[in-house]
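These are the residues of each chain, in order.
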Amino acid sequence: ELDPNERKNSFREVTLGYTEDHVCLEAQRCLQGKRPMCMQGCPVEIDIPALIARVRERDFLGAARVLREKNSLPAISCRVCPQESQCEAKCLLGKTGEPCAIGRMARFVTDYERSTGQIQIPEIAPDTGKRAAIIGSGPAGLTAAGELAKHGVSVTVFEALHALGGVLIYGIPEFRLPKTIVEEEVDYLRKLGVEFKTNYVIGKIETVDSLLDKGYDGVFVGTGAGAPVFLKIPGENLCGVYSANEYLTRNNLMKAFRFPEYSTPIARGKNVVVFGGGNVAMDAARTALRLDAERVTVVYRRTEDEMPARREEVEHAKEEGVRFQLLTAPLCFVGNEAGWVEAVRCNRMQLGEPDASGRRRPVPIEGDILDIETDTAIVAIGNRSNPLIPNTTAGLAVNQQGNIIADGETGRTNRDRVWAGGDIVTGSATVILAMGAGRRAALDMLAYFGIPCVANEEEASTGRTQPSLVA
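Described in the following lines is the structure provided in the data block. (Residues numbered from 1 in each chain as written. Predicted model: local features only at pLDDT ≥ 70, side-chain atom pairs only at ≥ 80, totals over all residues. Heavy atoms only, no water.)

**Section: the overall build of the chain**
Here is the rule: Helix and strand labels come from DSSP, where a helix needs a run of H or I of at least four residues and a strand needs a run of E of at least two; each type is numbered from the N terminus. C-alpha atoms define the radius of gyration, and 2.2 Å times the number of residues to the power 0.38 defines the globule rule. The cut-offs for exposure are 20% and 50% of the maximum accessible area for each residue type, with area from a 1.4 Å probe on protein chains only; residues under the lower value are buried, those over the upper are exposed, and the others partly exposed. The contact rule is simple, with two residues in contact once any of their heavy atoms fall within 4.5 Å. All accessible areas in this document rest on Shrake-Rupley with a 1.4 Å probe, and a residue is counted as covered only by the protein chains that are shown. Positive charges come from Lys and Arg, negative ones from Asp and Glu, while His and the chain ends are left out of the count. Positions of charges follow a simple convention, taking NZ of Lys, CZ of Arg, CG of Asp or CD of Glu.
From N to C terminus, the chain includes 16 helices and 15 strands. Taking 23 Å as the expected radius of gyration for a compact globule of 471 residues, we find that the chain reaches 23 Å, a close match to that expectation. With respect to the principal axes defined by its C-alpha atoms, the chain has extents near 70 × 55 × 50 Å. Counting the 471 residues in the chain, one finds 54% classified as buried. Put simply, 69% of the contacts in the chain that link residues at least 6 apart link residues at least 24 apart. Accessible area of the chain: about 20,400 Å², with a carbon and sulfur share of 49%. Within the chain, one finds 55 positive and 62 negative side-chain charges whose respective centroids are separated by 1 Å.

Set out below in structure tokens:
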């Protein structure tokens, strides 16, 4: 990793990755058991033992091919996937010590593949005559597009923004996920034959129904959860109060941190307060540091143990100098005569009984009030699903939160020939879970289209075939 004192002033990627010798030593730690539990923790079902076996043999390109058999975005997922709670959580080595570093090995082989210029394109199945429309170019949409394209489906991805990648490009900072990585993975999909249309808002320019009427055989909706959730407290409309969505989009997608080279401005606060305890809150806090903030404080109403953010992200934030004001909840913002935020009034909390999330509910301590000075406040307490597609698609079933109702295994909605997956279905979740949903939906679309494929080794006995990877 970069030294904290160096990285907090730079948008360079924080983690540097393994050397060739390090990755081979790590691969030697794997027990290569007959019942690899690690695969059970992977939402996209990567053959992890095969990946590690090839790393052991120093066949790094072969290891990269294993990743790409079931993962269209491996260089992205290895950087942002919470491996510690998924594949690595299932690793037998973790019962007595550190689990095998599956994520870091995956990163090494994808970096090796890219640095040597030897990203291999799979053999594409013959054109099936089927057409699929993908709405949204986030992780769910891109994954579905890649899986369908490999099997001979003509795929068009419709993206509302001017850049491709969805949350990968507007939500995750450069220091966690360099945008060149996203661009190269999108370029890989182009080489598979995927067509992209940007600045194309489905729900305005077209609708799901008009796409079906135009001859698309199926539509996958992966529009994500881009609508911010606010605190709903007095003073939230003061100048200097941002949603994390706007704050991060201005910086990541619109390059506000390079103003005036890029024309998007951002308030460069000296005393920044961030509300929330997830990865988005950590991203916002660490971005504020890199925008020359003198003090950045994360205000969270529970304790660190209840924080949903990855441990790595919390530790990186601490190393870089982010402060944590825990067991604290905001009551109102206080502004000056010019309408700018000056402080946030908070109530100290204590933990009570568990709520629906399984975490202990924060309860206010009566009379224990404190003011925290701030000139920039960022609200990062969650997102709601994008309402545009549900509002413009007649009869499409949604739940009380506005999420599209879709089958968890197939992605099928109640509308014929319409699938959905990712945050538009689950609400705000992780990149890798969205990728898993996109892949499952694509496999079901292929089955619906009558196109043979193999979803995993257990299905191989059915006689269906999957395109092999070739140079």
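**Looking at the packing of helix α3 (residues 48-56) against helix α4 (residues 60-70)**
Rule in force here: Note on method: axes are straight lines fitted to C-alpha atoms, helices fitted across the in-contact stretch only, with angles between N-to-C directions ranging 0 to 180 degrees. By the definition adopted for this analysis, an angle is roughly parallel if under 35 degrees, roughly antiparallel if over 145, roughly perpendicular if from 65 to 115, and oblique otherwise. Nonpolar residues are Ala, Val, Leu, Ile, Met, Phe, Trp, Tyr, Cys and Pro. Charged residues are Asp, Glu, Lys and Arg, and all others, Gly as well, are polar.
At their nearest, the axes of α3 and α4 sit 7 Å apart, and the two run at 170° to each other. When the axis of α3 is compared with that of α4, the two are roughly antiparallel. Only F60, G62, A63, V66 and L67 of α4 make contact with α3, whose side of the interface consists of A50, L51, R54 and V55. Taken together, the residues of the contact of α3 with α4 sort by class into seven nonpolar, one polar and one charged.

**With respect to the side chain of R176**
Put simply, the rule is: By the criterion applied in these results, polar contacts are pairs of N or O atoms within 3.5 Å in which, for protein atoms, one can donate a hydrogen and the other can accept it, and in which residues neighboring in sequence qualify only through two side-chain atoms.
Tracing the chain through its elements places R176 in the loop between α8 (167-170) and α9 (179-191). Reaching out from R176, the side chain makes a polar contact with the side chain of D283 at a distance of 2.8 Å. Residues contacting R176, with those up to four places away along its chain left out, are E13, R79, V80, N279, D283, R286 and E313.

**Re the sheet that holds strand β3 (residues 195-197)**
As a general point, the strands of a sheet are linked pairwise by backbone hydrogen bonds and lie either parallel or antiparallel. Condition: For two strands to count as paired, DSSP must find a minimum of two bridges between them.
Read across the open sheet, the five strands follow the order β3-β2-β1-β4-β15; overall the sheet is parallel. Of all strands in the sheet, those with a lone pairing partner are β3 and β15 (418-420), marking the two edges. Across this sheet, the average inter-strand angle for adjacent strands is 20°, counted without regard to direction. Packed on one face of the sheet, helix α7 (residues 139-150) meets β1 (131-135), β2 (154-158), β3 and β4 (218-221) and runs near 165° to β1.

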